[in-house]
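A look at the structure
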Amino acid sequence: MWVLGVTERRVMGAFWVLNLVLFLVQVVGIKGAHGIGEHGVRIWPMPLSVSHSHKSLYVGKDFKIMSQGSKYKDASGILKDGFSRFLAVVKGAHVVDGDTSKLDQSRVLQGLNVFISSTKDELQYGIDESYKLLVPSPDKPTYAHLEVGLTILFILFAINQAQTVYGALHGLQTLSQLCQFNFSSRVIEILMTPWIINDQPRFSFRGLLIDTSRHYQPLPIIKNVIDSMAYAKLNVLHWHIVDTQSFPLEIPSYPKLWDGAYSTSERYTMADAAEIKRGINVLAELDVPGHALSWGKGYPSLWPSKDCQEPLDVSNEFTFKVIDGILSDFSKVFKYKFVHLGGDEVNTSCWTLTPHVSKWLKEHSMNESQAYQYFVLQAQKIALLHGYEIVNWLGGGVAQRVVAAGLRCIVSNQDKWYLDHLDTTWEQFYMNEPLTNITKSEQQKLVIGGEVCMWGETVDASDIQQTIWPRAAAAAERLWTPYDKLAKEAKQVTGRLAHFRCLLNQRGIAAAPLAADTPLTQPGRSAPLEPGSCYLQ
């Protein structure tokens, strides 16, 4: 049985205390060619509903944000920072040096009104991310209006309808895609107004895994990845922090753990970890009991022996004290309700080959498999005591059984949503359906989302973004857009995805072309095949 990773992994038969299972499914993909959005709409991911006309507006030089009627006070500056990022990406592609005072003032949009009905700004699983955006026509252009809430105050303005500031941020991302530079007037314009967009995500968990153990990713690179996730409305960074190869994270409770880093400069402080959230949930992973050789660089007693260094020593109480210390430190920084405890690819032969561990197994009447279950359950109990709900890796082909048992799950299948599989095309990413063969509505609700995985064996700061994008965007639409709005064939969205890929490039994200698989390229990390327009690559 194959599960998340690059080698065969052993899977435990039953985790009866698991709250959440991350598993693999097998789905057939469909290849296609060119296409654009419905009625020429190029928004990615496609919203729940869109209407527009044929008029245009210019964005005023001093475009402002307002919050008339909003209950949200933005004490933490989340909305303010989001608006600053919005202006930066809208104006970043070209020097906006046109004079809007010389334009028809009836066509100049002066600002954006944001209405948020909730006073809270806690970032957590299950928050309301919906919004309604309405951009007016030149007939009444004074302000666009963004409403996040249940009440529509001004029907002529853009409305972002949700309970939270995070819905408003999604509305800003959509608005940014409506804006473009006009080379004649040298200002930003919005075509096809008025716009009325109602939107909300299909799944609450829309994740991207990055792996900082196989290759260290500098903090600015991680921040850049997070910003690019927001462009595609992905909302969870699954941080596979440590593994066999390195332990780069500071753990104040056990300060020698990061002796397992590749070097003293390839490390993250806890302050660094707190910095990377930037409006995205962070699912921290502590992969135990396997994938933990690097732990013993600072604390050798965690190894069964110097000659047999994985998995962690199940017989040593110090092992579980260290796990408790790590999760205690995690709980101070990683506030997402879930924590990932790995649990896969565990070769337990080290336990039986090491005399003191083998003796402990006999004293406790356990074989290797039972000891593995004991370890995983002990780690889960510790995580529960720190207030976390638990995610573990589980094997392929188990989706129907998982939800039939009443457990929640997240889809991340190796053959279709692993970004390190460079031969997997964006079309396969797009057509991978998380609810395949799950037909009962009560069971479909237990699939809370999915994630694409950027395992780090062959990526570092030089190529991570071009390996993630645009294939991750294909999965992002699958996770955001309602099922009945998704294209039935991938070729129907080729033009729109190519447009989004070029938009990422304009925003400084090194997204690769949508090139077909050829003897000279791989779809997962291709270069342009020949000279030509970005939109045709």
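Before reading further, recall that the structure is shown in the block above.
Rules behind the numbers
- Residues numbered from 1 in each chain as written.
- Predicted model: local features only at pLDDT ≥ 70, side-chain atom pairs only at ≥ 80, totals over all residues.
- Heavy atoms only, no water.
- Helix = DSSP H or I, 4+ residues; strand = E, 2+ residues; numbered from the N terminus.
- Buried < 20%, exposed > 50% of the residue type's maximum accessible area, 1.4 Å probe, protein only.
- Contact = heavy atoms within 4.5 Å.
- Areas by Shrake-Rupley, 256 points an atom, 1.4 Å probe, with all protein chains shown as cover.
- Core = buried A, V, L, I, M, F, W, Y, C linked by side-chain atoms within 4.5 Å.
- 1 Å grid on protein atoms, 1.4 Å probe; cavity = no way out; pocket = protein on both sides within 12 Å on 5 of 7 lines; lining within 4 Å.
- Points joined across faces, edges and corners; volume = space filled by probe spheres on them.
- Nonpolar A, V, L, I, M, F, W, Y, C, P; charged D, E, K, R; others polar.
- Axes fitted to C-alpha atoms, helices over the stretch in contact; angles between N-to-C directions.
- Parallel < 35°, antiparallel > 145°, perpendicular 65-115°, else oblique.
- Salt bridge = Lys/Arg side-chain N within 4 Å of Asp/Glu carboxyl O.
- Disulfide = S-S within 2.5 Å.
- Pairing = 2+ DSSP bridges.
- Expected span 1.5 Å × (residues − 1).
- Polar contact = N/O pair within 3.5 Å; in protein donor to acceptor, adjacent residues only side chain to side chain.

1. So, the overall build of the protein
- In terms of regular secondary structure, the protein is built from 15 helices and 16 strands.
- Residue burial in the protein is summarised as follows: out of 537 residues, 58% are buried.
- Within the protein, contacts between residues at least 6 apart in sequence are counted, and of these 79% link residues at least 24 apart.
- Element-wise, carbon and sulfur atoms account for 53% of the exposed surface of the protein, whose accessible area totals about 21,200 Å².

2. Topic: the nonpolar core
- Grouped together as the largest cluster of nonpolar side chains are 137 residues, with contacts concentrated most on Trp295, Phe330 and Phe334.
- For Phe334, the residues in contact, after removing those within four places along its chain, are Trp239, Ile241, Leu249, Ala273, Val282, Ala284 and Tyr388.
- Val236, Leu283, Phe338 and Val391 belong to the second largest nonpolar core, which has 8 residues in total.

3. As for the layout of surface pockets
- For the largest pocket, the calculated volume is near 580 Å³.
- In terms of lining, the largest pocket is formed by 24 residues, of which the most central are Gln177, Cys179, Gln180, Phe181 and His499.
- For the lining of the largest pocket, the secondary structure elements donating two or more residues are α1 (78-91), α2 (165-178), β7 (179-182), β8 (187-193) and α15 (494-506).
- Of the residues assigned to the lining of the largest pocket, the class counts are 14 nonpolar, 7 polar and 3 charged.

4. Focus: the packing of α1 against α2
- Look at α1 against α2: their axes get within 10 Å of each other, and the N-to-C directions meet at 10°. Between α1 and α2, the interaxial angle falls into the category roughly parallel. When α1 is examined against α2, the residues Ile78, Leu79, Gly82, Phe83, Phe86, Val89 and Val90 are found in contact with a partner set consisting of Val165, Tyr166, Ala168, Leu169, Leu172, Leu175 and Ser176.
- Of the residues contributing to the contact of α1 with α2, the split by class is 12 nonpolar, 2 polar and no charged.

5. Some details on the pattern of salt bridges
- Per the counting criterion, the structure on display carries 14 salt bridges.
- Taking the shortest distance from any N to any O, the salt bridge between Arg214 and Glu457 comes out at 3.7 Å. One end of the pair, Arg214, is in the loop between β10 (205-211) and α3 (219-231); the other, Glu457, is in the loop between β16 (447-454) and α13 (464-468), with 243 residues separating them in the sequence.
- The exposure class assigned to Glu457 is partly exposed, which follows from its relative accessible area of 30%.
- Each of Asp211, Arg214, Asp243 and Glu457 takes part in one network of salt bridges that share partners.

6. Describing the state of the cysteines
- Throughout the structure, instances matching the rule amount to 2 disulfides.
- Two residues share a disulfide in this structure: Cys308 and Cys350, whose sulfurs sit 1.6 Å from each other. Of this pair, Cys308 sits in the loop between β12 (281-285) and α5 (317-333) while Cys350 is found in helix α6 (residues 349-353), placing the two residues 42 residues apart along the sequence. Of the two residues examined, Cys308 and Cys350, each falls in the buried class.
- Across the disulfide from Cys502 sits Cys534; the S-S distance is 1.9 Å. Residues Cys502 and Cys534 share a disulfide whose torsion about the S-S bond is about -115°; that sign makes it left-handed. Of this pair, Cys502 sits in helix α15 while Cys534 sits in the segment after α15, and the two are 32 residues apart along the sequence.
- Regarding the disulfides, the protein carries the connectivity 1-2, 3-4 under sequence-order numbering of its bonded cysteines.

7. Re the pairing of β16
- In terms of residue burial, β16 counts as a mostly covered element, since 8 of its 8 residues are buried.
- Both β10 and β16 contribute to a ladder of 6 bridges, which runs parallel. Residue pairing in the sheet places Arg206 in a bridge with Gly450 of β16.

8. Observations concerning α5
- Compared with an ideal rise of 1.5 Å per residue, which puts 17 residues at 24 Å, α5 spans 25 Å between its outermost C-alpha atoms and is within 8% of the ideal.
- Those residues of α5 that fall on the buried side of the exposure criterion are Thr319, Phe320, Val322, Ile323, Gly325, Ile326, Leu327, Ser328, Asp329, Phe330 and Val333.
- On its buried face, α5 sits against α4 (270-275), β12, β13 (338-340) and α8 (368-385).
- Two or three places before Phe318, at the start of α5, stands the capping residue Asn316, its side-chain oxygen 2.9 Å from that residue's backbone nitrogen.

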